[in-house]
Protein chains: 2
Amino acid sequence: MDKKSNHPAPKCGIDYAFQRIGGKYKGRILWRLRNGTMRYGELRRTVTGVTSKMLTQALRELEDDCLIVRQVYIEVPPRVEYTLTDTGKELLPFLQLLRDWAKHQMQINDILAMP
Amino acid sequence: MDKKSNHPAPKCGIDYAFQRIGGKYKGRILWRLRNGTMRYGELRRTVTGVTSKMLTQALRELEDDCLIVRQVYIEVPPRVEYTLTDTGKELLPFLQLLRDWAKHQMQINDILAMP
DNA sequence: CTGTATCCAAGCGGATACTG
DNA sequence: CAGTATCCGCTTGGATACAG
């Protein structure tokens, strides 16, 4: 009943996509998962600045959107692993290109910022 | 005039990129400009749902980030045209990929939503 | 036509404490 | 370890009015 209706009406493809990966941490989470499975704690440590609340929220939304899979192991201590779905993996080339573009721009900015 | 305060410290490339194109309308604005110059009113009409306030704000930030160019023509009635910079054009292939991915996903969702 | 200015509601996101 | 719960400030963004 508390199911979020947070995708009211995507008007176009670009909109649809940004609703799914445009959050503050979602892109970085997906990028972290590019090499395979990661645990909750690993993500919290490597996605710098994220709090458990925001991480959980982002992971839930990514799961609802079928971009990642949540696997729970019933053991002590508890273990939860996250993995990209096939759909999620399809986003990796895009993220790769985006990151390359960003790194290039950041270099230019660094040069321009030199005194 | 504290315009630049919203880019505190991009920690990684993905973050940097989303700060620049991750707003609610920025992706769609850039995409609208893919075929060339557009006027303010054209953008307001075609980027559905945007208000003049948000459109102006997004355009200013994109201009500050050197992704678009704002050209003002001193005439009556006034005319202002926006165009992608070379840096902005470099984003088009990524937006294209993203939109293709999104359209594909939207089709799947439509099929799944069928009664 | 191309914006500004102002008000205001919603929700994002951070800090902290707590649970199974 | 992997989360929930709660509080709350700040930003985002919508509506409306108005200006050059």
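Residues numbered from 1 in each chain as written. Chains lettered and ligands numbered in written order. Predicted model: local features only at pLDDT ≥ 70, side-chain atom pairs only at ≥ 80, totals over all residues. Heavy atoms only, no water.

An unreviewed UniProt entry lists chain A under the name Winged helix-turn-helix transcriptional regulator, with Mucilaginibacter angelicae as the source organism.

## Concerning the relation of the copies chain A and chain B
Note the cut-off: All copies are superposed by least squares; the fitting set is the C-alpha atoms of residues with a pLDDT of at least 70 in both. Whether two residues are in contact is decided by their heavy atoms, any of which lying within 4.5 Å being enough.
Mapping chain A onto chain B leaves a residual RMSD of 0.1 Å; the transformation is a rotation of 180° accompanied by 0.0 Å of translation along its axis. Taken together, the turn and the small shift mark the pair as related by a two-fold rotation axis. Comparing interface residues between copies, 100% of those in chain A also lie at the interface in chain B; the contact surface is shared.

## Thoughts on the protein's contact with DNA strand D
Short version of the rule: It suffices for a single heavy atom of a residue to lie within 4 Å of a molecule or strand for the residue to be listed as near it. Throughout this description, a polar contact denotes any pair of N or O atoms lying within 3.5 Å of each other; where both atoms belong to protein, one of them has to be capable of donating a hydrogen while the other can accept it, and for residues adjacent in sequence the pair is counted only when both atoms sit in side chains. Numbered from the N terminus, helices here are DSSP runs of H or I no shorter than four residues, and strands are runs of E no shorter than two.
Contacts to DNA strand D come from 18 residues, most closely from Gly41(A), Arg70(A), Tyr82(A), Lys24(B) and Lys53(B). Of what DNA strand D places within 4 Å of the protein, 66% of the atoms are sugar or phosphate. With respect to DNA strand D, the side chain of Tyr82(A) contributes an N or O atom lying 2.8 Å from a phosphate oxygen. Between a phosphate oxygen of DNA strand D and a side-chain N or O atom of Lys24(B), the distance comes to 2.6 Å. For the surface near DNA strand D, the elements supplying multiple residues, two or more each, are helix H3 (40-46), helix H4 (52-64) and strand S3 (79-84) of chain A together with helix H4 (52-64) of chain B.

## Let's talk about the pairing of strand S2 (residues 68-73) of chain B
Along any regular strand the residues' side chains alternate between the sheet's two faces. Selection criterion: Here, a strand pair is defined by DSSP locating no fewer than two bridges between the strands.
Two elements, S2(B) and strand S3 (residues 79-84) of chain B, share six bridges in a ladder whose sense is antiparallel. Residue pairing for S3(B): Ile68(B) is matched across the bridge by Leu84(B).

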